[in-house]
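# Overview (structure and organization)
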Amino acid sequence: NRTFSKSFENLDELNKNRYTMIQKYIPNPLLIKDRVFKITLPIIIAKCYGFVKGFVNKNGMVYWSRDKFDMDRPKMYNIIASKELMNKNRTQDDVDKLYSKYPRTYIELQKYIEQNDIGINPKDLKSKINKYCKMAIHTAHKHIGNEKMIENNVSMDLYNIDLIIDSNFKPWIIKFKKAKSIENPTELERRLRKKCWKDSLKLFNYVKTNKKNGFNLIWEEQ
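Throughout what follows, the structure given in this document is the object of discussion. Please read all numbers here as calculations on a predicted model, not as lab measurements.

### What to know about empty space enclosed by the protein
One pass over the structure, following the stated rule, counts two cavities of 30 Å³ or more. Volume-wise, the largest cavity comes out at about 70 Å³. Around the largest cavity sit Met61, Val62, Tyr63, Lys83, Met86, Asn87, Gln92, Val95, Arg104, Thr186, Leu188 and Glu189, which together line it. Counting residues per element, the ones that place at least two in the lining of the largest cavity are β4 (61–64), α3 (83–87), α4 (92–98) and α7 (187–203). Of the residues assigned to the lining of the largest cavity, the class counts are six nonpolar, three polar and three charged. In this model, the second largest cavity occupies a volume close to 40 Å³. Around the second largest cavity, the lining residues are Leu41, Val56, Asn57, Lys58, Tyr106, Lys126, Asn130 and Asn216.

In structure tokens form, the structure reads like this:
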């Protein structure tokens, strides 16, 4: 925002700020049906009796740009993928109809890539995405669950990571933040978030079930 940007007018002031933000414009986003997309995945960082574990959930969301990408006339509506822009001045029925042929979940995206030749197979792309999820987990885990009273128990936090993919199939982390309630959730978001919370309770047997867990262990450190 303007106040935040104002504080960085002088580069000498950077070291006096607690937070520094670096932005990079990705001029070559991977497009599907001429639109930019971002992937939002739930992540759990858990501290378990001296071990740190990182999990990523397969039930992520995919969000799309409002307009089709235009390299010659880039603007917010055609270069940024977000739920807010998808829904701006549209009803949910309009949104669902417009994006009915676009993958809306991470699982659907992998199926789409498997069925359409876009230059990479879904397993390779998933491996690349997991690599960047691991980087985020490695960076964040030192700052959570360090209280003495819980070091011999289990402490876990749920996060969301947002990524975009460029045309060279390189993921870029847009955002990594603690998960919070979704504003005006769609039925699909409600269903996936409910699955995610249930899966998080299954991880450490808070809820016993024979159903398969959507979280996969991707990182561990003692």
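Picking up after the structure, the text goes on.
### Describing the packing of aromatic side chains
Applying the stated criterion across every chain, the model contains four aromatic pairs. Both rings, one in Tyr99 and one in Tyr102, keep their centres 5.6 Å apart while their planes meet at 65°; by these two values the pair is edge-to-face. A relative accessible area of 9% places Tyr102 in the buried class. An angle of 10° between the planes, with centres 5.1 Å apart, marks the rings of Tyr159 and Phe176 as stacked. Taken together, the positions of Tyr159 in strand β5 (residues 154–165) and Phe176 in strand β6 (residues 171–178) put the pair 17 residues apart, joining distant regions of the chain. A residue is classified by how much of its surface remains accessible, and Tyr159, at 8% relative accessible area, is buried.

### Observations regarding the pairing of β4
Burial along β4 is two-sided: Met61 and Tyr63 facing one way and Val62 and Trp64 facing the other are all buried. Judged from the four bridges that link them, strand β2 (residues 35–48) and β4 form a sheet pairing that is antiparallel. Each residue of the ladder has a partner; that of Ile39, found in β4, is Val62.

What counts and how
- Residues numbered from 1 in each chain as written.
- Predicted model: local features only at pLDDT ≥ 70, side-chain atom pairs only at ≥ 80, totals over all residues.
- Heavy atoms only, no water.
- 1 Å grid on protein atoms, 1.4 Å probe; cavity = no way out; pocket = protein on both sides within 12 Å on 5 of 7 lines; lining within 4 Å.
- Points joined across faces, edges and corners; volume = space filled by probe spheres on them.
- Helix = DSSP H or I, 4+ residues; strand = E, 2+ residues; numbered from the N terminus.
- Nonpolar A, V, L, I, M, F, W, Y, C, P; charged D, E, K, R; others polar.
- Phe/Tyr/Trp six-rings, centres within 6.5 Å; stacked < 30°, edge-to-face > 60°.
- Buried < 20%, exposed > 50% of the residue type's maximum accessible area, 1.4 Å probe, protein only.
- Pairing = 2+ DSSP bridges.

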